[in-house]
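Analysis of the macromolecular model
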Amino acid sequence: MKKRNWKRLLASALTLALTLGSLGAAVSVHASEDNGEPVYGGILNVSREGTMGENDLYPHLKMNTQAYVTMAPAIEKLFYLNAQGEMVPQLATSWDVSEDGLTYTFHLAEGVKFHDGSDFNAEVAKWNLDQAKAVVDELGTGTSNGAMESATVIDDHTLEVKFSTMYATLFLALDVYMASQKAYEENGVEWCSKNPVGTGPFVFDHWTLDSELVYTKNENYWVEGQPYLDGITFKVIKENSVLSASMKSGEVDLIHYAPSTDLMDALRDEPGVTTLISEQSSGFTEWIPCGLETSPFRDENVRKAIAYGVDFAAIVDSIGADNVVYSNQFAIDSNMFYNSNVVNYEYDPEKAMELLKEAGYDDSNPLSVELITENVPAHKLMSEAIQAYLLQIGVNCEINVMEGAAYFDNVIVGTWEDDWLVNMGTGSTAYCPLTGINRLMGANHAKMFPCVYFPDEWVENVVESAAQLTLEEAVPCFQKANEVMFNDYCGMYGIRCALDTVFIRDYVRNYNMDNQIIQFGTLWKTE
Amino acid sequence: MGKYIIKRVAQAFVVMFLVTLISYALIQIMPGDAAVIYLGSDAANEELLARTRAEMNLDKPFVVQWVLWLANFVRGDFGKSFHFHVPVRDLIMERLDITFTLGFFALMLSVVVGIILGITAATHRNGLWDNLINVFANVGISAPSFWISLLCIYIFALHFRILPVQGYVPPKKDLGEAVRHMILPCFIMALPSIATMTRQTRASILDVLNEDYVRTARSKGLKKNVILYKHVLKNALIPVLTVLGMSIASLFGGSVMVEQIFNIPGMGQLVTNAVLNRDIPIIQAFIVIISLVIILSALLVDIAYGIVDPRIRIAKGEN
């Protein structure tokens, strides 16, 4: 009997050990899950692919997702969003929402001070919300932000925000950084854009434009015990080979944005470096044909011929890494907005040539297409592959690679040539592709993207989707919009979905991929 | 001598004048509207666009634009960066001393190492040292700098881990770290100049060694080192001065690539990004400043020629 008990005990212990062992293995893979005892000290060196330093660090200038990460050590929000779009308390400790969803009452943290010594209170929070709304109203690039009717100070630490219209993404209007009103009034917007003053765990130290941005520890941070690090340094390293070498040598501890395949190839198997890939897409690049009345792409047969004649899925798969996936619509299959009724135009060059013939194009009168892309390696590779496919179906094709400013000048605000097929990016939030599409269609659409044609039915469905009470309720209309654009109209192709990728040294702890913005105050380094 | 210097300075002024004209013409030559590039997405606002065009003097005739720009430039106002939206002067002042520091040390390195290697090669003509130095010089001239840079990063930063991959530390902040961060970039910047200097020094010394006065010195029984350092080197280094002048130009050209690879926030990196972003005011300022440096160095070399070798001065005077 005793022997049997021992055997059971041994078996249980073995099972437990194996379970713990497997848990341990999982922990070592995901640095974010290791929540051992925090260690104080050390500087966290952060970088990203491309540039980060030229953006203004005053949060109410323009919507600029790159700048949001670089201002995050110093400037906080009422709440931040996680990957599911859920609101996580920060400067607001709690909030109440009215039954109709149009009134939010925020209860703010007490005893919080800005880095310049001024108090954070409901008055300042209201001022920040008003500033954000004014910018959005002027740019006309959002819908939900513009719906904020009023922000009312109830008392020093209670703020009531009312909305006039319901939007599924209404909470985005409240997703606002809280900068110091005093710093703004004393120094002006230009100074604030280069000297972020907030309530965050780190205080702005200096910024050498396009080189490095340095923050030091906020000794008076309102969250007790935080931050753990002595400082944060953002390094601008534009050469990917140098960036990966810096990560390998330990000169960089965290790369928070890395869409390119070469970084993935260089760092994926590097000892001491963990690769974290998001399960949702935070951005799409798609090919959009010219939408002008005179363009050959206004002929449905031409649009469909391109769809059948180019194997976009194969191209994206072949030139992408683990952090890139193909989709036939604005959503990836793990997202609730994904519509499985949207069908792929299976690669069929014969059919493509038939359609071209019906449209009046053949060997004697070939269709000509100019592929327009920014000077981004992956986009150029994709252009070359598309060119090869188009030549096979008898379409004359040229590639026109533009640098950033020329691309903006010609593509974003300029008038396209009739034969342009343009590679364009549509930013998004991981939980909700609707946010990116809203920006594409904002009130400035006529000025910002004058040559993109959106079918009426698509616009109606996107607008209706945005006007729903919750994200769940917004899904059917958005799915219908995807069907209209990709099945019926065939107005966009080859969607390349970027999955957020982070490379992090194993000695950096408590990183949470789930958060939309890095919470620098909670990170620490064990080395 | 005074006449000679005045003539050279006057020539330098004419060249600088033309440089400012050509660099300002960039704003007309480059595709796109400068005001649209400056405003970015705000260019959609037509009123703002018109106001910005007026502020940038783009609504005036070209010659007026140029004169106004030149007047501002002379006063130290280089305009506002299209990309960063801050005064170009501030951006340049932050970076100029970094590029000058790197350039200065690279120049010193190329002069000292180049001359030593050149002398060694010449005095060991056709020997092992000569051949080794020749190989080194050929590699230095022909191998692309970016390839050598990546190779050095791999060997010294990733494999042996004795030097950093990238970055710049000001000497005032931490001298030791500053030196560590400067070793690789300075060496890469200096390498082509070292190679050129080595070959030029070697060729000049070998030429002078065949001169009659050297043969006479030998026949008088003077020691080998005395002949080399007292008589040969003095005359052999005159052509090296020409190479030195050219090296200054190539060092600044090389800084563009080196600063990009080693992520050094200097003028080279600034102008590379300015070209990519069509940040015309930065490009204009860079062209004028670098032209000034190169013209000044060429002027100093010319003057030095006149001092070191009176025959040059007399010949030019006669011409």
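The structure presented is a predicted model; accordingly, all values stated were derived computationally and were not measured.

1. Section: the pattern of salt bridges
All names here are of chain A. One pass over the structure, following the stated rule, counts 15 salt bridges over all chains. Lys77 is the salt-bridge partner of Asp175, the closest N and O atoms lying 2.7 Å from each other. You can see Asp175 sitting in the loop between strand E8 (158-163) and strand E9 (177-178) and its partner Lys77 sitting in strand E2 (residues 76-77), a full 98 residues away along the chain. The same class applies to Asp175 and to Lys77, which are both buried. For the salt bridge of Arg268 with Asp265, the shortest nitrogen-to-oxygen distance reads 3.3 Å.

2. What about unusual backbone geometry?
All names here are of chain A. Cis geometry marks the peptide bond from Gln226 to Pro227, where omega comes out at 0°. Checked against the element boundaries, Pro227 lands in the loop between strand E11 (212-217) and strand E12 (231-236). In this structure, Cys490 is a non-glycine residue whose phi angle is positive, near 55°. Residue position: Cys490 is located in the loop between helix H15 (471-489) and strand E19 (493-505).

3. Observations concerning the interface of chain A and chain B
Listed per partner, the contact involves 31 residues of chain A and 33 residues of chain B. Summed over both sides, the interface of chain A with chain B buries roughly 2600 Å², with 54% coming from carbon and sulfur. Applying the counting rule to chain A against chain B returns 1 salt bridge. If you look at where chain A meets chain B, you find 7 residue pairs in polar contact (both at pLDDT 80 or more). Elements with a contribution of two residues or more to the side of chain A that touches chain B: strand E10 (202-208), E12, helix H5 (240-249), helix H11 (404-412) and helix H13 (445-448) of chain A. Among the elements that make up the side of chain A that touches chain B, the one with the highest residue count is H5(A) (6 residues). Its residues assigned to classes, the side of chain A that touches chain B shows 12 nonpolar, 6 polar and 13 charged.

4. Thoughts on the packing of aromatic side chains
Residues and elements named next belong to chain A. Throughout the structure, instances matching the rule amount to 30 aromatic pairs over all chains. Note on Tyr347 and Tyr389: the rings are 5.3 Å apart at their centroids and 80° apart in plane angle, and the pair reads as edge-to-face. Residue Tyr347 is located in the loop between strand E15 (324-327) and helix H9 (349-358), and its partner Tyr389 is located in helix H10 (residues 377-392); the two are separated by 42 residues in the primary sequence. Exposure remark for Tyr389: the relative accessible area of 19% places this residue in the buried category. Cluster of aromatic residues (ring-pair linked, three or more members): Phe79, Trp95, Tyr104, Phe106 and Phe163. Above the plane of the ring of Tyr453 lies Arg298, whose end atom (NZ or CZ) is 3.9 Å from the centre.

5. Things to note about the nonpolar core
Among the nonpolar cores identified, the biggest contains 122 residues, and A:Leu44, A:Tyr215, A:Ile232, A:Phe503, A:Phe520 and B:Ile92 are the most heavily contacted of them. Those residues in contact with A:Phe520 that lie beyond four places of it in its chain are A:Leu44, A:Val46, A:Val69, A:Ala72, A:Pro73, A:Phe202, A:Leu229, A:Ile232 and A:Phe234. A:Ile288, A:Phe337, A:Leu355 and A:Val369 belong to the second-largest nonpolar core, a separate cluster that totals 105 residues.

6. Remarks on the confidence of the model for chain A
On average, residues of chain A score 83 in pLDDT, and 86% of them reach the 70 mark or higher. Throughout residues 1-32 of chain A the model reports pLDDT below 50, and contacts reaching past four residues in sequence, or to other chains, amount to 16 contacts.

7. Concerning the environment of A:Ile277
All names here are of chain A. Mapped onto the fold, Ile277 is located in strand E14 (residues 273-289). C-alpha of Ile277 to C-alpha of Arg509: the two residues are 232 residues apart in sequence and 17 Å apart in space. For Ile277, the contacting residues outside a window of four places in its chain are Met264, Asp322, Asn323, Leu499, Asp500, Thr501 and Met513.

8. Some details on the packing of helix H5 (residues 88-123) of chain B against helix H6 (residues 128-142) of chain B
Residue and element names in this part refer to chain B. Following both chains from N to C, one finds H5 and H6 inclined at 140°, their axes separated by 8 Å at the closest point. With respect to H6, the axis of H5 lies oblique. In this structure, the crossing between H5 and H6 has a hand that is left-handed. Facing Leu117, Thr120 and Ala121 of H5, the residues of H6 in contact are Trp129, Asp130, Ile133 and Phe136. Per-class residue counts for the contact of H5 with H6 are 5 nonpolar, 1 polar and 1 charged.

9. Looking at the environment of B:Ser255
Residue and element names in this part refer to chain B. Mapped onto the elements of the fold, Ser255 is located in helix H10 (residues 224-261). Taking the relative accessible area as the measure of exposure, Ser255 reaches 1% and is therefore buried. Spatially, the C-alpha atom of Ser255 lies 31 Å from that of Gln65, the residues being 190 residues apart in sequence. Residues in contact with Ser255, not counting those within four places in the same chain, are Thr99, Met189 and Gly268.

Reading the values: the criteria
- Residues numbered from 1 in each chain as written.
- Chains lettered and ligands numbered in written order.
- Predicted model: local features only at pLDDT ≥ 70, side-chain atom pairs only at ≥ 80, totals over all residues.
- Heavy atoms only, no water.
- Salt bridge = Lys/Arg side-chain N within 4 Å of Asp/Glu carboxyl O.
- Helix = DSSP H or I, 4+ residues; strand = E, 2+ residues; numbered from the N terminus.
- Buried < 20%, exposed > 50% of the residue type's maximum accessible area, 1.4 Å probe, protein only.
- Contact = heavy atoms within 4.5 Å.
- Buried area = accessible area lost by both parts, 1.4 Å probe.
- Polar contact = N/O pair within 3.5 Å; in protein donor to acceptor, adjacent residues only side chain to side chain.
- Nonpolar A, V, L, I, M, F, W, Y, C, P; charged D, E, K, R; others polar.
- Phe/Tyr/Trp six-rings, centres within 6.5 Å; stacked < 30°, edge-to-face > 60°.
- Lys NZ or Arg CZ within 6 Å of the ring centre and 35° of its normal.
- Core = buried A, V, L, I, M, F, W, Y, C linked by side-chain atoms within 4.5 Å.
- pLDDT = per-residue confidence, 0-100.
- Axes fitted to C-alpha atoms, helices over the stretch in contact; angles between N-to-C directions.
- Parallel < 35°, antiparallel > 145°, perpendicular 65-115°, else oblique.
- Left-handed = near helix turned anticlockwise from the far one by under 90°.

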